[in-house]
Amino acid sequence: MMQTILTAIAEGNLRMGTETIEHNSELKNAMKRVCRLGEELSKTLNDSEKELLEKLEDSYAEAIQSDSQQSFINGFRLGALVIVEVFAGRDGLVLGNVEG
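Residues numbered from 1 in each chain as written. Predicted model: local features only at pLDDT ≥ 70, side-chain atom pairs only at ≥ 80, totals over all residues. Heavy atoms only, no water.

Enquirer: So what exactly am I meant to see when it comes to the pattern of salt bridges here?
Expert: When their charged atoms lie close together, side chains carrying opposite charge are able to pair. Under the counting rule described, the total for this entry stands at two salt bridges. One salt bridge in this structure joins Glu40 and Arg36, with 3.4 Å as the shortest N-O distance. Placement of the pair is Glu40 and Arg36 together in helix α3 (residues 25-43), with a separation of four residues, close to one helical turn. On the accessibility criterion, Glu40 (40% relative accessible area) is partly exposed. The salt bridge partner of Glu51 is Lys55, with a shortest N-O separation of 3.7 Å. Residue Glu51 and its partner Lys55 are located together in helix α4 (residues 47-88), separated by four residues, close to a single helical turn. (Salt bridge = Lys/Arg side-chain N within 4 Å of Asp/Glu carboxyl O. Helix = DSSP H or I, 4+ residues; strand = E, 2+ residues; numbered from the N terminus. Buried < 20%, exposed > 50% of the residue type's maximum accessible area, 1.4 Å probe, protein only.)

Enquirer: Would you mind going over a negative patch on the surface with me for this structure?
Expert: A cluster of acidic side chains, namely Glu54, Glu57, Asp58 and Glu62, defines a negative patch on the protein surface. Considering the arrangement of structural elements, one finds Glu57 in helix α4. (Patch = residues over 30% accessible without salt bridge, like charges linked within 9 Å, V, L, I, M, F, W, Y side chains within 5 Å. Areas by Shrake-Rupley, 256 points an atom, 1.4 Å probe, with all protein chains shown as cover. Lys, Arg positive; Asp, Glu negative; His and termini not counted. Charge placed at Lys NZ, Arg CZ, Asp CG, Glu CD.)

Enquirer: Just to check I follow, could you spell out a nonpolar patch on the surface for this structure?
Expert: On the surface, a nonpolar cluster with roughly 700 Å² of combined accessible area is contributed by Ile5, Leu6, Ile9, Leu14, Phe72, Ile73 and Phe76. At the level of elements, α1 (5-11) and α4 are the ones that each hand at least two residues to the nonpolar patch. Mapped onto the secondary structure, Phe72 falls in helix α4. When its relative accessible area of 44% is taken as the criterion, Phe72 is described as partly exposed.

Right, dumping it as C-alpha cells:
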C-alpha cells in the first residue's frame with residue numbers, strides 16, 4: 001500500500017538522505033573525496049591525533065545535521081507560506097507590499 005507524503009512524514013518513513021546522494025553525482029563524488037582524504041590523513045597521524053580528528057569530524061557532522069534540519073524546516077515553512085498566499089489570492093504577506 002502506498003503511503004501519502006503526510007503519513008510518511010508522521011511515521012518517519014521518508015528516506016531523503018540516501019536518495020539524494022545516490023542521484024546526485026556531484027555530491028557522491030565529493031563524499032568519495034572526503035573519505036579518501038580522511039583515510040590518507042589518518043595514516044599520517046598518531047593515536048591521540050586520530051582521536052582529535054575523530055572528535056572534530058563528529059562535531060562537524062553534528063553541526064551539518066543541525067544546519068540541514070533547520071534548512072528543511074525553513075524550506076517547509078516557506079512552502080507553506082507560498083500555499084497560504086496562493087489560497088489567499090493576494091501578496092500581502094510579502095513585507096513592503098500594500099494591499100489596496
